[in-house]
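Chain and residue survey
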Amino acid sequence: MKVLTVDTEVNPEHSASGASVPKRPAPRLPGREPELGRLTALFPVALGGAAASAVLVGEFGMGKSATLRTAAALASDAGFTVAIATGSRLESHLSGGLVRQLADALAEPGTPRPAAGDLCGPAGESEALDLFFRIVREASARGPLFLGIDNVHLADAWSMRCLAYIRNRVLDLPVFIVLTSLTGHPPHREVALLEMAGCTPATITLNGLGDAAAAEILGLAPGELASACREATGGNPYLLQALRPRLLPGADPHELGSSLIGQVLHTRMHEFPHAPAILHAAAVLGEDAAFDLLAKLAGVDELDALQAIDTMVRLHVLNNSSQPTLTYSFVRNSLLKDMPRTTRAVNHSRAAKLLTETGAAAERVAAHLLEATSIRLPWAVDVLRLSARDAVFSGRPELAARHLRRALEERLTSGRRMAVLLQLAHAEFQFDPPGAAKRVREAVDTVGNRETAAYIATAMLLSLCGGQDARLGISAAGQIAARLDAGGPDAVWPLLCMTYLAEAGSRLGPPPEFRDFEEQWAPLTDPAAQRSRSALLALDAVRSGESAQDAVGHFADALSSAGASPRAGGSATRTPRELTGDDGNLFEQHYFFTLATAVLSDEPAHVDRLCRVLDVEREPWDVHVPHGALPTLARGIALQASGDLQRASVHFESLLRRFDERGGTTTCPVGVLCAAKLVECWVDLGRFEAATSLLDRMDFVASQGLFTHTYLLYARGRLRVATGYTRFGFEDLLSCGRRLAHHGMRFPGFVPWRAHAARAALALGQTDDAARLAEEDMNASARWGAPRPLGTALTTLGLVREDDEAERALQKAITTLRSSPARLQLATALTELGTLQARHGQSEKAIETLRQAVELSEHCGARPLARRAAEELRSSRRALTPAKDNEHGLTRQENRIAVMAAQGLTNREIATALHLTRRTVELHLSGAYRKLGIPGRAELGGALAKSSQRVDGR
């Protein structure tokens, strides 16, 4: 036991010799000014002759002893006689040890001290208790006392009884008792803390220091580094002191630790059953420290583990949460540093296995596998690759590279080594392109089995969705294909197909020449090769824009026998042959998917087949694409094409939320396509604000290198025209057309940009541009031959032509569109024809046509189109109502035109004034002549005057 008497050293009034001793400066403890202020605030109570008490409570290392001794120095300066006794773990079994320390310190100089046995009981308990009380009372008679008992939780039981005995007997004496205790330490035997400190002690909890105090202890200027150090240690002064010598330039405080701290903490936990094992398990598991995992890793029964965890939570060693992790990263690192490396590696490998069995995220399992470097774990390779894939696409390529280098430490077949090397090349490509190129060459050098090599390269092409990533995949696939070429066409065709698609989809300019590539297929007889050939022939037909019938036929051939991955009940793991022979992968490739859905959207049977091919059990190769996204998007595109806008928007909206969760809405080609389709759908539904909000979120710069960016431009152009920004919308639509032309895409049904650009040009008064665009659209659609684009082009043609030509074009558009599922386009054509008929004075025909238009557009949910058709319908019905101021039953339009003709205006002048065609004016005048009973224009004035007089006479 240790005793410190401060009064005779620092206070001249209580010096044994009476000689004057100079006062030392008031001691300072960084960051503890508030706690010391609360203690010194109690000094006047004791100095006034009444007892006071306080309890300092804090976790291990929080500065309880330092605070007590600083308060003792301040008390000595204030006139107290100070005596401090300290409890010790190694002496807690010695009866009366702590009381003996206090008695020795309080003995009056020159008087004999009590014998050791006099204060130790229990033979004479009453006498021993009275003796201790007498010593305290006599000392208080000489002046106020400051009794400090440090680490009271480690005091022996007899000393605790003595303190409890005197506490209620010194209430009227000038005694200030200050105890320090470890937070959460279990109570010792039969004496509670309150019994020693009194019923209402001032309880002062020592919490972690703030940034400024932590910086002072570390010798740092306040700032981010000091704040990080405080966070890593919780502001614990003892831990901060241990951290200080390890804080080298560039060091991350959250990665530092001290093996000495680990030893001390481990030793202190030995007094609690199973606590050391749980402590080590918590250090290994880190943020994965769930209760069941702690118990299993520690090898402790769950009830015993619960008791140990409860104890350490109360001691603030573990966090009080559902995940009882260690309170500070510095403590965890210290415990890990205290472990032998092999022990750590084995424990981390066990933790990884436990996490795998509980279905934990691959990233969490991989974090432990990185630490299990000396342990061979063949099962870990798949986990490390999955985690690396997620890390790359979440913007952490360096972490992905670490995971993949760890995977390469395992014993791998040549095929698996090649796969890991290519994946590592992709990760390193994000921050070290030259290093990535070396990895690709290294992977090519490991090519063994041709089928496996083709499988791996194909998977890489499918997983890299665009931009520079796609260029890396194409480069790697090209090198591997060159190695495989010696095995003949059958060995390399699947890889060549996928490489061609990736190359075509990643270019803004024209894709590779298809016919040159096709020559390599001539000797192929494999059925799967023929199906792939059909798929790429369909692609060529789409790009050329020559024949919808040929394109659909080729797609049908590709879909007729296309295989899909195993469904429920089958294995989701794919063999190389299953991948390379499965043409469903061609439809999964984003470029091919975009064009296939555009062509097949009017073919319900083929759409159903496509959705079945895409509805696979496994996760998509591209990490940005949610499971089941491709069939959902394909179905939504088909619904939109059929005019079912509400159901289509539901498909797109639900899918877009999932893309948002994966961060793929603006960078993944499929995510961009989904967003663009939803914007177009919302424009037709009249939800302009929602469409604007979504486009504001889109990164037009990031998506600019994607083929689907073209669709995004088209959607924005349509929205801008619909909301009155016609000039900007017109430019977007023209830009869309330029991109398609640059890419060599002549398929008019991909996006009908010319039709909407022609309408915008008419609104801007650019009639020549509108006519040119309509003619171009008509030629392209006629060459393609499908009802939807042809009907759309005919509708546009009806807008730029005049009189009979316009009506014939619109009538033909309606006839063509009735043979397709394109109900929205049919409603548009009916609206334009009804409007034209009304303008030509054919009100009865217009009413019937517009009635159909209103009914069909409302069925589609196209509110803007339905409102326009309804307004035209109301106008047509009003036009049939006879004018009230003539007796011959002239309609309002006939009466207006007749009056203008009677005033001497020519047919051309009337047509210009009323925005009608001359043919319409002639038709209205003919009707007026017939109703007025006159032969021609010369009698018109007189007939109208007589009619007016008869009306007035009534």
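Residues numbered from 1 in each chain as written. Predicted model: local features only at pLDDT ≥ 70, side-chain atom pairs only at ≥ 80, totals over all residues. Heavy atoms only, no water.

Focus: the overall build of the protein chain
Each helix and strand in the protein chain was counted, giving 49 helices and six strands. With 954 residues in all, the protein chain has 56% of them scored as buried. Across the protein chain, the fraction of contacts at a sequence separation of at least 24, relative to all contacts at a separation of at least 6, is 67%. Carbon and sulfur atoms form 51% of the exposed surface of the protein chain, whose accessible area is close to 40,100 Å². (Helix = DSSP H or I, 4+ residues; strand = E, 2+ residues; numbered from the N terminus. Buried < 20%, exposed > 50% of the residue type's maximum accessible area, 1.4 Å probe, protein only. Contact = heavy atoms within 4.5 Å. Areas by Shrake-Rupley, 256 points an atom, 1.4 Å probe, with all protein chains shown as cover.)

Side note on the pairing of strand 4 (residues 145-150)
Among the six residues of strand 4, six are classified as buried, and the element is accordingly described as predominantly covered. Alternating positions in strand 4 separate into two faces, Leu145, Leu147 and Ile149 on one and Phe146, Gly148 and Asp150 on the other, with burial throughout. Of the strand pairs in this sheet, strand 3 (residues 81-86) and strand 4 are connected by six bridges, and their pairing is parallel. The partner of Thr81 across the bridge, within strand 4, is Leu145. The β-α-β motif built from strand 4, the intervening helix 7 (residues 157-167) and the parallel element strand 5 (residues 175-182) has right-handed crossover chirality. (Pairing = 2+ DSSP bridges. Right-handed = clockwise from strand over helix to strand, strands pointing away.)

Overview of helix 22 (residues 433-445)
Taking 1.5 Å per residue as the helical rise, helix 22 with its 13 residues ought to reach 18 Å, and the 19 Å between its terminal C-alpha atoms agrees with that figure. When helix 22 is considered as a whole, its buried residues turn out to be Gly435, Ala436, Arg439, Val440, Ala443 and Val444. (Expected span 1.5 Å × (residues − 1).)

A short note on the pattern of salt bridges
The tally for this structure, following the rule as stated, stands at 39 salt bridges. Between Arg405 and Glu428 there is a salt bridge, and its shortest N-O distance comes to 3.4 Å. Highlighted residues: Arg405 in helix 20 (residues 397-408) and Glu428 in helix 21 (residues 414-429), separated in sequence by 23 residues. Shared partners join several salt bridges into a network, and the residues in it are Arg376, Arg406, Glu409 and Glu410. (Salt bridge = Lys/Arg side-chain N within 4 Å of Asp/Glu carboxyl O.)

Section: the packing of aromatic side chains
Counted according to the given criterion, the structure contains ten aromatic pairs. For the pair Phe43 and Phe80, a centre-to-centre distance of 5.2 Å together with 55° between the ring planes defines the contact as tilted. Placement of the pair is Phe43 in helix 3 (residues 43-47) and Phe80 in the loop between helix 4 (64-77) and strand 3, with a sequence separation of 37 residues. Residue classification places Phe43 among the buried residues on the basis of a relative accessible area of 6%. One aromatic cluster is present, built from ring pairs that chain together Phe43, Phe80, Phe146 and Phe176. Geometry around Tyr165 places Arg169 over its ring, the cationic atom sitting 3.7 Å from the centre. Between the NZ or CZ atom of Lys353 and the centre of the ring of Trp379, over which it lies, the distance is 4.7 Å. (Phe/Tyr/Trp six-rings, centres within 6.5 Å; stacked < 30°, edge-to-face > 60°. Lys NZ or Arg CZ within 6 Å of the ring centre and 35° of its normal.)

As for the nonpolar core
One finds Phe146, Phe176 and Trp753 to be the most contacted residues of the largest nonpolar core, which totals 256 residues. For Trp753, the residues in contact, after removing those within four places along its chain, are Tyr714, Leu733, Leu734, Cys736, Gly737, Leu740 and Leu773. The next biggest cluster of nonpolar side chains, apart from the first, holds 34 residues, and it includes Leu102, Phe132, Leu163 and Ile177. (Core = buried A, V, L, I, M, F, W, Y, C linked by side-chain atoms within 4.5 Å.)

Considerations on the environment of Ala822
With respect to the element layout, Ala822 can be found in the loop between helix 42 (803-817) and helix 43 (823-839). A relative accessible area of 1% means that Ala822 is categorised as buried. Measuring from C-alpha to C-alpha, the distance between Ala822 and Gly643 comes to 6.2 Å, with 179 residues separating the pair along the chain. Residues within four places of Ala822 in sequence aside, it is in contact with Ala641, Arg788 and Leu817.

Regarding unusual backbone geometry
Even without glycine at this site, Asn151 takes up a positive phi of about 55°. Here Asn151 lies in the loop between strand 4 and helix 7. Of note in this structure, His316 is not a glycine but carries a positive phi near 65°. Along the chain, His316 turns up in the loop between helix 15 (302-314) and helix 16 (329-337). Since its relative accessible area comes to 38%, His316 is described here as partly exposed.

Structural notes on the packing of helix 5 (residues 97-106) against helix 6 (residues 125-142)
Viewed as axis vectors pointing N to C, helix 5 and helix 6 meet at an angle of 35°, and their least axial separation amounts to 10 Å. Like other packed secondary-structure pairs, helix 5 and helix 6 cross with a definite hand, here left-handed. Residues Val99, Leu102, Ala103 and Leu106 of helix 5 touch helix 6, and the partners they reach there are Phe132, Ile135, Val136, Ala139 and Arg142. Of the residues that constitute the contact of helix 5 with helix 6, the class distribution is eight nonpolar, no polar and one charged. (Axes fitted to C-alpha atoms, helices over the stretch in contact; angles between N-to-C directions. Left-handed = near helix turned anticlockwise from the far one by under 90°. Nonpolar A, V, L, I, M, F, W, Y, C, P; charged D, E, K, R; others polar.)

As for the packing of helix 47 (residues 907-914) against helix 48 (residues 918-932)
Here helix 47 crosses helix 48 at 110°, and the two axes come no closer than 8 Å. Considering the angle they form, helix 47 stands roughly perpendicular to helix 48. Here Asn907, Arg908, Ile910 and Ala911 of helix 47 lie close against helix 48, whose contacting residues are Arg918, Val921, Glu922 and Leu925. (Parallel < 35°, antiparallel > 145°, perpendicular 65-115°, else oblique.)

Some details on the confidence of the model for the protein chain
Caution applies to low-pLDDT regions: their predicted coordinates should not be interpreted in detail. Summarising the model, the protein chain shows a mean pLDDT of 84, and 85% of its residues fall at 70 or more. Within the protein chain, no element has a lower average pLDDT than helix 1 (residues 7-10), which sits at 32, and none a higher one than helix 13 (residues 275-285), at 96. Within the model, pLDDT remains below 50 along residues 1-23, and this stretch shows 43 contacts once partners closer than five positions in the same chain are excluded. Low pLDDT (under 50) marks residues 563-583, which in the prediction has 50 contacts with non-local residues, meaning those over four places away or in another chain. (pLDDT = per-residue confidence, 0-100.)

Description of the side chain of Gln766
Topologically, Gln766 is positioned in the loop between helix 39 (753-763) and helix 40 (767-784). Given a relative accessible area of 17%, Gln766 falls into the buried group. Within the local environment of Gln766, its side chain forms a polar contact with the side chain of Arg727, the two groups lying 2.8 Å apart. With residues near it in sequence (within four places) discarded, Gln766 still touches Arg727, Phe730 and Ala761. (Polar contact = N/O pair within 3.5 Å; in protein donor to acceptor, adjacent residues only side chain to side chain.)

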